[in-house]
Amino acid sequence: MNTLKILFATPECAPWVKTGGLGEVSADLPKALRAQGLDVQVLMPAYDSVLAVAGELEALADLPAVHGFPAARLLRAHLPSGVPALLIDAPALYRRDGGPYGDPSGRDHEDNAIRFGLLSHVAARLASGVSPIPWQPDVLHCNDWPTALAPAYLAHGPQRRAAMVMSLHNMAFQGLFPLHLAAPLGLPDHLLHMEGVEFWGQLSFLKAGIQFADHVATVSPTYAREILTEPLGCGLSGVLNKRRESLSGILNGIDTTVWNPGTDAHLHQTYDAVTLQRKRSNKLALQRRMGLPENPDLFVMGMVSRMTDQKGVDLVISALPELLKDGAQVVALGAGTPAMETAWREATHVWPEQAASLIGFDESLAHLIEAGSDVFLMPSRFEPCGLNQMYSQRYGTPPIVHATGGLADAVLDAVSEPGQPSVSTGFKMKEPTVEALIHAVKRARELYADAGTWDTLCRNGMAQDFSWEGSAAAYADLYADLVARRAVAC
Ligand code: ADP
Ligand code: GLC
């Protein structure tokens, strides 16, 4: 069979631009697919920040202005991993202050419909017979709402070629805009109804992707089931149920070369399952770095997270009086809503010797927290996949999670799910509540008191395989299947 060609469309890709897990997955999955022999190219906007670091650029094609989209250029660059990237250079849309989705104050860019409409439009064009470049993908893989109009364009545009996968990384973000933007977005009137892209009087990018892609993929099997009912379907569970035969979940992997306690340059001391006792000096380094008293015997809880409602950061804050009662420490790294950031700052004043936080983004500290904490807190209300619960297991730091989405799929807890897993790697809460969190931490501390049992728990986690290999193979099978079906249908 010929090498499968995959166009991976995304609004963010590490290390060039990353606001969360999607940026990491967009770097790691294409890299893992290439290692399995697929020909993958990443398509994304040429933001200022990307052009500044992308290195050598080659102009591939001019894209004329169309509908309400300005003229743009298609540039070729290479990610540090060697994966080729196609960058859409539309200076009026992508060269500006702020992040990919919002201005420096955090407000959404007001022309996001056109900014990501263009990304979707170019993706569809490259996957059609009217592509401006000779490289023709067999599969267009779209990721989240900023790329989700592409299936609508491709299904209803000229000369469709590629099969289409729509990946849902987070249903909470849907790309909802006023219906009158359909004209500048070039969406035909016949799509502006319930069976098309209309959602309660608005235009929904994500609904378009779900309706018109050949396959809808979520980033964990449990999340694929959860979104079939409300509230996690976020208003789209009916539409998803109609597509349930074409909906499945594939658990994300992690880059085990970057997240490897045996080689991690961000750590004070590297270690592995055999030299687990060395992990301790990372605890001291973490306490030192965060200005907390250095004491290896104190129980340290770590957290690295967007500080939003999704992540249950408020549950941790509410539980602090109980969690810190007998001398434990907590370290939090993250940025998010002003209320949650303020609450963390206040906590550090109330418990200066026990609570420390850094509000902001710090890759290096994220690694040290994974290595230096005794447990990792992730009580997310919902979590399509989540990456930190996998990092923490790899670092011998058992995670405490709410059993939802990828947290349910990637953590083993023989106590909360009797008869299911035979080993445990962490602690699962059945509900995302303050009481459940306090109870789970209590369970963890009881085990922690027994050094031998605790070491086994840590080593169980370190022995799990979270590499991308298996997940990439599952995507490769899915692509091959969709391509074969298209060949039969055409
Ligand atoms: P989400 O994409 O919903 O935010 P994920 O768990 O999939 O959640 O991915 C988040 C990624 O971003 C993780 O790698 C996490 O360590 C990282 N991250 C989040 N906040 C910070 C921060 N403040 N500093 C460093 N890394 C962070
Ligand atoms: C989203 C989800 C997160 C997932 C990530 C990558 O940001 O919130 O759970 O891990 O996408 O798929």
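Calculation rules
- Residues numbered from 1 in each chain as written.
- Chains lettered and ligands numbered in written order.
- Predicted model: local features only at pLDDT ≥ 70, side-chain atom pairs only at ≥ 80, totals over all residues.
- Heavy atoms only, no water.
- Near = heavy atom within 4 Å.
- Polar contact = N/O pair within 3.5 Å; in protein donor to acceptor, adjacent residues only side chain to side chain.
- Areas by Shrake-Rupley, 256 points an atom, 1.4 Å probe, with all protein chains shown as cover.
- Helix = DSSP H or I, 4+ residues; strand = E, 2+ residues; numbered from the N terminus.
- Nonpolar A, V, L, I, M, F, W, Y, C, P; charged D, E, K, R; others polar.
- Salt bridge = Lys/Arg side-chain N within 4 Å of Asp/Glu carboxyl O.
- Core = buried A, V, L, I, M, F, W, Y, C linked by side-chain atoms within 4.5 Å.
- Buried < 20%, exposed > 50% of the residue type's maximum accessible area, 1.4 Å probe, protein only.
- Contact = heavy atoms within 4.5 Å.
- Pairing = 2+ DSSP bridges.
- Axes fitted to C-alpha atoms, helices over the stretch in contact; angles between N-to-C directions.

Taken together, 19 residues surround ligand 1, and among them Gly-21, Glu-24, Arg-306, Lys-311 and Gly-360 come closest. Between ligand 1 and Gly-21 there is a distance of 2.6 Å, counted from an oxygen atom to a backbone nitrogen or oxygen. Taking Asn-388, its side chain carries an N or O atom lying 3.2 Å from an oxygen atom of ligand 1. Protein burial of ligand 1: of its 560 Å² of free accessible surface, 92% is covered by the chains. Those elements that place two or more of their residues in the shell around ligand 1 are α1 (21–35), β13 (300–307), β14 (329–336) and α14 (388–394). The dominant element in the shell around ligand 1, judged by the number of residues it contributes, is β13, at three residues. Here the shell around ligand 1 is composed, by residue class, of six nonpolar, seven polar and six charged.

The next thing to look at is the pattern of salt bridges. Counted by the stated rule, this structure contains 21 salt bridges. Note that Lys-18 is salt-bridged to Glu-24, the shortest N-O span being 2.5 Å.

Counting 102 residues, the largest nonpolar core has Leu-43, Leu-74 and Leu-87 as its most contacted members. Per-element tally for this core: the top contributor is helix α4 (residues 112–126), with nine residues. Residues within four places of Leu-43 in sequence aside, it is in contact with Leu-7, Phe-8, Ala-9, Thr-10, Leu-74, Leu-86, Ile-88, Leu-119, Val-122, Ala-123 and Leu-126. Membership of the second largest hydrophobic core comes to 48 residues, among which are Trp-259, Leu-377, Ala-410 and Trp-454.

Looking now at the sheet that holds β14. Read from one edge of the open sheet, six strands run β15-β14-β13-β16-β17-β18, paired in parallel fashion. Of all the strands in the sheet, the pair left with one neighbour each is β15 (355–359) and β18 (427–429). Strand-to-strand twist across the sheet, computed as the mean angle between neighbouring axes with direction ignored, equals 20°. Lying over the sheet, helix α12 (residues 338–350) contacts β13, β14 and β15, oriented at roughly 145° with respect to β15.

A few words now on the site of ligand 2. In the region of ligand 2, 13 residues are neighbours, and His-169, Asn-252, Glu-383, Cys-385 and Gly-386 sit closest. Separating an oxygen atom of ligand 2 from a side-chain N or O atom of Asn-252 is a distance of 2.9 Å. Gln-310 places a polar side-chain atom, nitrogen or oxygen, 3.3 Å from an oxygen atom of ligand 2. Summarising the interface, the protein chains cover 93% of the accessible area of ligand 2, which totals 310 Å² for the free molecule. No other element matches the three residues that α1 contributes to the shell around ligand 2. Residues that form the shell around ligand 2 fall into these classes: five nonpolar, six polar and two charged.

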